[in-house]
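Overview (structure and organization)
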Amino acid sequence: MKALTNCSGSEASHFTQLGKLIYSIPECGEEMHAGRLGVAHATELVRARGNPRCGQHLPDVIPALLEHAANPNLPFADFKLAVKRWVMMADPDGAYKGRDASNEGRTASLHESEEGLHLSADGGTAAISAEMLEIFEQFRTAEFLIDWDAAVAEHGDTASAIHMARTDAQRRFDALAAIFRAAASAPRDARISEPTVNFIVDQQTYEEHLAGILGSTTPPAGLVDPFKRRSETTNGTLVHPVDIIAASLISHVRRVVMDSAGNVIDLGRRQRLFTGSAREAVMLHSQRCIWPGCDIAAGRCQADHLNPFATTGPTAPTNGAPLCKHHNQTKNRGFATRRDPVGHWHTYRPDGTELTDPPSIADLLAA
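Not measured: the values here are computed from a predicted model. (Residues numbered from 1 in each chain as written. Predicted model: local features only at pLDDT ≥ 70, side-chain atom pairs only at ≥ 80, totals over all residues. Heavy atoms only, no water.)

**Comments concerning the packing of aromatic side chains**
The full count for this structure, using the stated rule, is 2 aromatic pairs. Arranged with centres 6.4 Å apart and planes meeting at 5 degrees, the rings of Phe 144 and Trp 148 form a pair that is stacked. One end of the pair, Phe 144, and the other, Trp 148, are both in helix H9 (residues 126–155), 4 residues apart, so they sit about a helical turn from each other. Phe 144 gets classed as partly exposed once you look at its relative accessible area, which sits at 29%. (Phe/Tyr/Trp six-rings, centres within 6.5 Å; stacked < 30°, edge-to-face > 60°. Helix = DSSP H or I, 4+ residues; strand = E, 2+ residues; numbered from the N terminus. Buried < 20%, exposed > 50% of the residue type's maximum accessible area, 1.4 Å probe, protein only.)

**Quick word on the nonpolar core**
Counting residues in hydrophobic clusters, the biggest one holds 21 residues, and the most contacted among them are Leu 21, Cys 28, Leu 45 and Leu 58. Elements supplying a minimum of two residues to this core: helix H2 (9–24), helix H4 (39–49), helix H5 (62–69) and helix H6 (76–90). Setting aside residues no more than four positions away along its own chain, Leu 21 makes contact with Cys 28, Ala 42, Leu 45, Val 46, Arg 49 and Leu 58. Cys 294, Cys 301, Leu 323 and Trp 345 belong to the second-largest nonpolar core, a separate cluster that totals 10 residues. (Core = buried A, V, L, I, M, F, W, Y, C linked by side-chain atoms within 4.5 Å. Contact = heavy atoms within 4.5 Å.)

**Re H2**
The terminal C-alpha atoms of H2, which comprises 16 residues, lie 23 Å apart, in line with the 22 Å expected from a rise of 1.5 Å per residue. Along H2, the positions that sit buried rather than exposed are Ala 12, Leu 18 and Leu 21. The secondary structure elements touched by the buried residues of H2 are helix H1 (2–5), helix H3 (26–33) and H4. (Expected span 1.5 Å × (residues − 1).)

**Brief notes about the pairing of strand S6 (residues 320–323)**
Side-chain direction in a regular strand flips from residue to residue, so the side chains alternate between the two faces of the sheet. With burial as the criterion, each face of S6 is covered, one bearing Gly 320 and Pro 322 and the other bearing Ala 321 and Leu 323. Where strand S5 (residues 302–305) and S6 come together, 4 bridges link them in antiparallel fashion. Paired with Asp 304 across the strands is Ala 321, a residue of S6. (Pairing = 2+ DSSP bridges.)

**A short note on the pairing of strand S7 (residues 336–339)**
Pairing of S7 with strand S8 (residues 345–348) involves 4 bridges; the strand directions are antiparallel. Among the inter-strand pairings, Arg 339 is bridged to a residue of S8, identified as Trp 345. Hairpin geometry of S7 and S8 is characterised by an intervening segment of 5 residues between the two adjacent antiparallel strands and by a positive phi of about 100 degrees at Gly 343.

**Overview of a nonpolar patch on the surface**
A cluster of nonpolar side chains, contributed by Leu 110, Leu 117, Leu 119, Phe 173 and Phe 180, occupies part of the molecular surface with about 480 Å² of accessible area. Those elements giving two or more residues to the nonpolar patch turn out to be strand S2 (116–122) and helix H10 (168–185). Within the secondary structure layout, Phe 180 lies in helix H10. Exposure remark for Phe 180: the relative accessible area of 46% places this residue in the partly exposed category. (Patch = residues over 30% accessible without salt bridge, like charges linked within 9 Å, V, L, I, M, F, W, Y side chains within 5 Å. Areas by Shrake-Rupley, 256 points an atom, 1.4 Å probe, with all protein chains shown as cover. Salt bridge = Lys/Arg side-chain N within 4 Å of Asp/Glu carboxyl O.)

**A look at the side chain of Asp 202**
For Asp 202, the position within the fold is in the loop between strand S3 (199–201) and helix H11 (203–213). The class of Asp 202 is buried, set by a relative accessible area of 14%. Only 2.8 Å separates the side chain of Asp 202 from the backbone nitrogen of Arg 230, close enough to count as a polar contact. Those residues in contact with Asp 202 that sit more than four places away from it in its chain are Met 89, Lys 228, Arg 229 and Arg 230. (Polar contact = N/O pair within 3.5 Å; in protein donor to acceptor, adjacent residues only side chain to side chain.)

**A short note on the layout of surface pockets**
Counted as a void, the second largest pocket has a volume near 1,500 Å³. As for the second largest pocket, its lining consists of 39 residues, of which Thr 141, Ala 298, Gly 299, Arg 300 and Cys 301 are closest to the centre. Looking at the lining of the second largest pocket, the element that brings in the most residues is H9, giving 12 residues. Per-class residue counts for the lining of the second largest pocket are 16 nonpolar, 14 polar and 9 charged. (1 Å grid on protein atoms, 1.4 Å probe; cavity = no way out; pocket = protein on both sides within 12 Å on 5 of 7 lines; lining within 4 Å. Points joined across faces, edges and corners; volume = space filled by probe spheres on them. Nonpolar A, V, L, I, M, F, W, Y, C, P; charged D, E, K, R; others polar.)

**Section: the packing of H2 against H4**
As a packed pair, H2 and H4 sit with axes 9 Å apart at the nearest point and diverge in direction by 80 degrees. Overall, the two elements H2 and H4 adopt an arrangement that is roughly perpendicular. Residues His 14, Gln 17, Leu 18, Lys 20, Leu 21 and Ser 24 of H2 pack against Ala 42, Thr 43, Leu 45, Val 46 and Arg 49 of H4. Per-class residue counts for the contact of H2 with H4 are 5 nonpolar, 4 polar and 2 charged. (Axes fitted to C-alpha atoms, helices over the stretch in contact; angles between N-to-C directions. Parallel < 35°, antiparallel > 145°, perpendicular 65-115°, else oblique.)

Now the structure itself:
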């Protein structure tokens, strides 16, 4: 391969593995030739096939994965996550072979010098990391609101990020300092407030692993579509199902019921704004802003009504989705967002065409 293509060793290895994928699963080659399977998508399938413990079972789920890969409304990040889900479900012990070692080897250090603070931490578990990240994000958001309120007070409706007193990096540092101060100021016998951390797991995965813990020898059901199986944080970080089961046994658990398209159950039309559990339910619909191509995390988005409240749209999780501030404003200029029966998002231009469809040559020339 290197001789024929004059490429690097790493590229030659990738081409060779891609060739093996196409040889063993011809449908992948057909979809690539037709332009429905992108190079990046194929690379993820190559990685999954190369798993020595479950790669031979990839053909079992290829029809579903290829269907999702060809969907222009499915972000690549979601496809990549689906492949990782399949590897985890097909080989949970192998996928997390370093899990115990990472927890045993957890470490942290903190020291000062003439240049300031030096802090590092490594290891632990995904569950612990999710809890710490949630606390950090709450403090970081508080620092952001301090700067934003000050900018709005001085510049009014024209306020923007350039008017904020600190950079995002500076606010992250100050948020960490605020966490330390809050811990130091709390009475020693005070009850420690527990953050709310949402773990997403489907019922089948939960019950299969719970049965395994209890000693069941019944083999788990086959995995047909990775998009129907989940075991992760709301940010899409995969968590071993056993860790989620442990959290459900020793921590406070919130039961979230979803329909087949991933919509959280209706909470009714009682208020104008999404708050509390209703807002959190809306944020569970996606790990990021649902606008095509936008990668802003859901935690930094607004809970938006798909059908506007002013036109009788209910304040219900089924009528909500995370949208960043910019695209929430864009949506008010005639754009519309809908979710299809299988849970994929679609955004439409004011003329009714879908945003993922390329504009016509006439429109480009007119522009």
